[in-house]
Amino acid sequence: MNINIRIISKSEELPQMECQNFFHSTDMFKIIEQTPHHHPYMIIASRADGSIAAHMFACIRQRGSLIPPYLFSQGRIYGEGEYDEDINKDEVFALMLEAITKMFRRKLCLYTEFSNISQKMFGYRHFKRNGYFPIPWQEVHNSLHSMTPEKRLSLKMRNRLQRIKDVDIMTKEVETEEELSQFYKIIKSFYRMKFRRYIPSETFFQLINKHESGHLFITIYKEKIIGCSACVYSEANAYLWYLASKRKSYKHVHPDAVTIWNTIQHAHKNHYAHLYFMDVGLPYKNNKFRSFILKFGGKPVAKYRWFRISLPWINKVLSWIYSE
């Protein structure tokens, strides 16, 4: 194909590019570049004449804790990138995947995770060839077109949300630094005991809130923030990235339900076609959180998340466990 692959790690070296997908945009690159303990990388596929045929954004997170003591790096990619219509997407992805996998290996990443791939089987043989193994993963997609969100609610959720009208609970966008600080405290507290509990620094959410595609929501009851969500709008769709709340109910209404519902309503009012929940928990068969999310009228979508562990024997064992 006469395609050249290069990886850029500094925003000042980025070329002019057409970016439709927020998660693979130069804006995302600059946000991650300013986020502590994160390192951005843009994988660019260029034609012989220098024009850009495709690009894919990746980042490395540095993670650590004193209790229990640990320190490691993680490679993270959301989706397969953006491509011109006149190129072979599958073949160009194979080149970019090989390049970023080698780079992650040089950077001593403990493991790499690919999520939010557009189609379940996309890139299957290329992931396998580069040592990745797939874990079946459930996603939830809510359609916001052709039918109002109210009509898609389950009867139980409709009755639960009916109580909101009788309770002084509201959801609004973050407007002040104090609200953002409270937003972050709830996020940190909520995810502290979660198995997949990594949360970026407050700087990340500050930058998302300033970006035109980013929206941070807080749910308030009696002047106290009891729930929050972080949402990104991209390519006519909404992506609910983070969700957290206080663990108690207020007047028999749980903050999660109010926050999710008002986030869905906001996306619908702004004429977005779908709302994608980017994480509905680990892929257990009986996942209570996923069952709760589905009551808002979404549909479960079977996908793969692809992982690669840098320790060869562990990667082989997990590849065997998750082999099909």
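Residues numbered from 1 in each chain as written. Predicted model: local features only at pLDDT ≥ 70, side-chain atom pairs only at ≥ 80, totals over all residues. Heavy atoms only, no water.

Digging into the environment of Ile208
Along the chain, the position of Ile208 falls in helix α7 (residues 202-210). When the C-alpha atoms of Ile208 and Glu98 are compared, they prove to be 30 Å apart, with 110 residues separating the residues in sequence. Sequence-distant contacts of Ile208, defined by excluding residues within four places in its chain, comprise Phe22, Ile31, Gly214, Leu216 and Trp241. (Helix = DSSP H or I, 4+ residues; strand = E, 2+ residues; numbered from the N terminus. Contact = heavy atoms within 4.5 Å.)

Some words on the pairing of strand β2 (residues 38-46)
Within β2, eight of the nine residues are buried, which leaves the element mostly enclosed by the surrounding structure. Examined bridge by bridge, strand β1 (residues 4-8) and β2 share five bridges and lie antiparallel to one another. Pairing of Asn4 across the sheet is with Ser46, part of β2. (Buried < 20%, exposed > 50% of the residue type's maximum accessible area, 1.4 Å probe, protein only. Pairing = 2+ DSSP bridges.)

Overview of the environment of Pro149
Structurally, Pro149 is set in helix α4 (residues 149-152). C-alpha of Pro149 to C-alpha of His268: the two residues are 119 residues apart in sequence and 7.6 Å apart in space. Once residues lying within four places of it in the same chain are set aside, the contact partners of Pro149 are Leu144, Trp261, Ile264, Gln265 and His268.

Digging into the pairing of strand β6 (residues 111-115)
By the criterion of burial, β6 is predominantly enclosed, with five of the five residues buried. Inspection of the sheet shows β6 paired to strand β13 (residues 299-309) by four bridges, in the antiparallel sense. Its bridge partner being in β13, Glu113 is matched across the sheet by Phe307.

A short note on the pattern of salt bridges
As enumerated under the stated definition, the model contains 10 salt bridges in all. We note a salt bridge from Asp90 to Arg125, for which the minimum N-O separation is 3.1 Å. One end of the pair, Asp90, is in helix α2 (residues 89-106); the other, Arg125, is in helix α3 (residues 124-129), with 35 residues separating them in the sequence. The exposure class assigned to Asp90 is partly exposed, which follows from its relative accessible area of 24%. Overlapping salt bridges bring together Arg47, Asp84 and Asp86 as one network. (Salt bridge = Lys/Arg side-chain N within 4 Å of Asp/Glu carboxyl O.)

Some details on the nonpolar core
Formed by 40 residues in total, the largest nonpolar core has its most connected members in Phe23, Phe183, Ile187, Phe205, Trp241 and Tyr242. Where this core is concerned, the elements lending two or more residues are α1 (26-33), β2, β3 (52-65), α6 (177-191), α7, β9 (214-221), β10 (224-234) and β11 (237-245). Sorting elements by how many residues they give to this core places α6 first, with seven residues. In this view, Tyr242 contacts Arg61, Ile187, Tyr191, Ile199, Pro200, Phe204, Phe205, Cys228, Ser229 and Ala230; residues no more than four positions away in its chain are not counted. Counting residues in hydrophobic clusters, the runner-up holds 30 residues, among them Cys231, Leu240, Ala267 and Leu275. (Core = buried A, V, L, I, M, F, W, Y, C linked by side-chain atoms within 4.5 Å.)

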